[in-house]
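Coordinates in review
One letter stands for each residue in the lines below.
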Amino acid sequence: MKLSFAPFELQLKHRFTIAKFSRTSTPIILLQLEHDGCIGYGEASMVPYMGESIQSAANFLSRVDVNQFKVPFDYAAIINYLDSIEPGNPAVKAAIDIALHDLEGKLLNKPCWQLLGSLPENIPVTSYTIGIDTPEIFRQKVEEAAGYKAIKVKLGSADDKQLIEIVRSVTDVPLYVDANQGWTDREASLDLVYWLHEYGVQLIEQPMLKTDPESNAWLTERSPIPILGDEAIQRLGDIDKAHGIYHGVNIKLMKSAGMFEAKRMIDHARKLNMKILIGCMSETSCATLAAAALAPQCDWADLDGPLLTSNNPFAMPQFENGKWILSNDAGLGLMQ
Ligand code: MG
């Protein structure tokens, strides 16, 4: 087996601002694993606040021995091996895991969604995310999003209520809210949750600091809207910690170290009766199709990476009625 990779700067269509950060592009790594005439594609998206970089990913990959990846793949052994090289580094581990799944699908001539036990017809609509902006530009972005079947709004500025009112003056589609740890006062947060409930908000992500489980649990206990942990949850071991603090979790491949562990997180969260959103970072069609292969097993999907970026190096996957269409092609179904 042969591993190769190249850095790539993924450009966003609009400057993207959330409660704590703002950016116009995201460094990613595009990775390939070649075996028996087949190529598996993987991707690591390294949003700056997660702590990985092109350099850290390259350093990690220089220590990976591809002879460890024997066919058929033993994913549990592979993730243990990758974790033994160095803890952390979930995005670059995800790139390897995604490429292995794509490769496995191609070797077996099966789509990844089938390998993971998903039913394509159960895929939820994907939400289209709108970052924090001035009310005028925000309205323009909501109007541009008319074709999408769900909208996710980033909150955590002084204009929170105004932004929601703008959305509702334009569209009635399901609305998700992400506070990105931006809320601080418990009672004020609860008042806002009830206000958002009136506007038909269906879920709220990471309202308060990930380091303050007590305040998040306090809000969850009282909230009529499902409260999901995002920044507080990365890998499988975090699901147990999130139980009782949040109604559900936002699982992302760039946090979970890939598809294998994301599937284990979904199964474990379900056993605990927790809700599941599958989300993404700024990603190309590659990591998006990898997450979409698991999306039918989740309650909600927020897989809008290719919809928000302008230089996706792969073809745009089929998108109809607000949903990604999972194809019958082998592997991820990624097209050049
Ligand atoms: Mg989030």
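Above this note sits the structure.
Since this is a predicted model, take the numbers as computed values, not measurements. (Residues numbered from 1 in each chain as written. Predicted model: local features only at pLDDT ≥ 70, side-chain atom pairs only at ≥ 80, totals over all residues. Heavy atoms only, no water.)

1. Remarks on the coordination of the magnesium ion
Looking at the magnesium ion, one finds its protein donor set to be Asp 178 (OD), Glu 205 (OE) and Asp 230 (OD), positioned 2.1 to 2.2 Å from the metal centre. Within one chain, the residues donating to the magnesium ion are spaced in sequence as D-x26-E-x24-D. With Asp 178 in strand β6 (residues 175–178) and Asp 230 in the loop between β8 (227–229) and α9 (237–242), the pair connects residues that are 52 residues apart, well separated along the chain. The class of Asp 230 is buried, set by a relative accessible area of 2%. (Donors = N, O, S within 2.8 Å, 3.2 Å for Na, K, Ca; no water. Helix = DSSP H or I, 4+ residues; strand = E, 2+ residues; numbered from the N terminus. Buried < 20%, exposed > 50% of the residue type's maximum accessible area, 1.4 Å probe, protein only.)

2. Overview of the packing of helix α5 (residues 135–144) against helix α6 (residues 160–170)
Where α5 contacts α6, the axes come no closer than 10 Å and their chain directions differ by 35°. For the element pair α5 and α6, the recorded crossing hand is right-handed. Together, Pro 135, Phe 138, Arg 139, Val 142 and Glu 143 of α5 and Gln 162, Leu 163, Ile 166, Val 167, Ser 169 and Val 170 of α6 make up the contact between the two elements. Of the residues contributing to the contact of α5 with α6, the split by class is seven nonpolar, two polar and two charged. (Axes fitted to C-alpha atoms, helices over the stretch in contact; angles between N-to-C directions. Left-handed = near helix turned anticlockwise from the far one by under 90°. Contact = heavy atoms within 4.5 Å. Nonpolar A, V, L, I, M, F, W, Y, C, P; charged D, E, K, R; others polar.)

3. Brief notes about the pattern of salt bridges
Counted under the stated rule, the structure contains 15 salt bridges. A salt bridge links Glu 261 to Arg 235; its shortest N-O distance comes to 2.8 Å. Remark: Arg 235 occurs in the loop between β8 and α9 and Glu 261 occurs in helix α11 (residues 259–271); sequence separation between them is 26 residues. Each of the two residues, Glu 261 as well as Arg 235, counts as buried. (Salt bridge = Lys/Arg side-chain N within 4 Å of Asp/Glu carboxyl O.)

4. Considerations on the sheet that holds β8
The eight strands are arranged β4-β5-β6-β7-β8-β9-β10-β11 in an open sheet whose pairing can be described as parallel. At either end of the open sheet lies a strand with only one pairing partner, and these are β4 (128–130) and β11 (300–301). Two strands pair when backbone bridges link them, and strand β7 (residues 201–205) and β8 are joined in this way by two bridges, in the parallel orientation. Looking across to β8, one finds that Ile 204 is bridged to Ile 227. (Pairing = 2+ DSSP bridges.)

5. Topic: the sheet that holds strand β3 (residues 38–45)
Here three strands make up an open sheet; going across it, the order is β1-β2-β3 and the pairing antiparallel. Of all the strands in the sheet, the pair left with one neighbour each is β1 (2–17) and β3. Within this sheet the neighbouring strands show an average axis-to-axis angle of 25°, counted without direction. Looking at chain direction, strand β2 (residues 22–35) and β3 are connected through eight bridges and run antiparallel. Directly across from Leu 31, in β3, lies its bridge partner Gly 42.

6. A short note on the nonpolar core
Membership of the largest hydrophobic core comes to 108 residues, with the highest contact counts inside it found for Phe 69, Leu 82, Ile 98, Trp 183, Leu 196 and Met 259. Considering every element that reaches this core, the biggest residue donor is helix α3 (residues 90–108), with nine residues. Of the residues that make up this core, three or more belong to each of domain 1 (2–109) and domain 2 (114–324). Discounting chain neighbours no more than four positions away, the residues touching Met 259 are Asp 97, Ile 98, His 101, Cys 112, Leu 116, Leu 253, Ala 290, Ala 293, Leu 294 and Leu 332. Core analysis: the second largest hydrophobic core is formed by six residues, Ala 150, Tyr 176, Leu 203 and Leu 277 among them. (Core = buried A, V, L, I, M, F, W, Y, C linked by side-chain atoms within 4.5 Å. Domains from an automatic or database assignment.)

7. A word on empty space enclosed by the protein
Evaluation of the coordinates by the stated rule reveals four cavities of 30 Å³ or more. What the largest cavity holds in volume is close to 100 Å³. Mapped onto the lining of the largest cavity, the elements with two or more residues apiece are β1 and β4. The dominant element in the lining of the largest cavity, judged by the number of residues it contributes, is β1, at five residues. Class assignment for the residues of the lining of the largest cavity results in five nonpolar, three polar and three charged. Shared between two domains, the lining of the largest cavity holds at least three residues of each, these being domain 1 (2–109) and domain 2 (114–324). In this structure, the second largest cavity encloses a volume near 40 Å³. (1 Å grid on protein atoms, 1.4 Å probe; cavity = no way out; pocket = protein on both sides within 12 Å on 5 of 7 lines; lining within 4 Å. Points joined across faces, edges and corners; volume = space filled by probe spheres on them.)

8. Re the environment of Met 265
Structurally, Met 265 is set in helix α11. Once residues lying within four places of it in the same chain are set aside, the contact partners of Met 265 are Ile 233, Gln 234, Arg 235, Leu 236, Ile 239, Ile 251 and Ser 256.

9. A look at the pairing of β2
Direction of pairing for β1 relative to β2: antiparallel, over a ladder of 12 bridges. From the neighbouring strand, Lys 2 faces β2, where its bridge partner is Glu 34. Two successive antiparallel strands, β2 and β3, enclose a turn made up of two residues, where Asp 36 displays a positive phi of approximately 55°.

10. Quick notes on the packing of helix α2 (residues 75–85) against α3
Direction vectors running N to C along α2 and α3 enclose 155°, while the axes themselves pass 11 Å from each other. The orientation of α2 relative to α3 falls into the category roughly antiparallel. For α2 against α3, the interelement crossing comes out right-handed. Listed contacts from α3 to Tyr 75, Ile 78, Leu 82 and Asp 83 of α2 are Lys 93, Ile 96, Asp 97, Leu 100, His 101 and Glu 104. When the residues that make up the contact of α2 with α3 are grouped by side-chain class, the tally is five nonpolar, one polar and four charged. (Parallel < 35°, antiparallel > 145°, perpendicular 65-115°, else oblique.)

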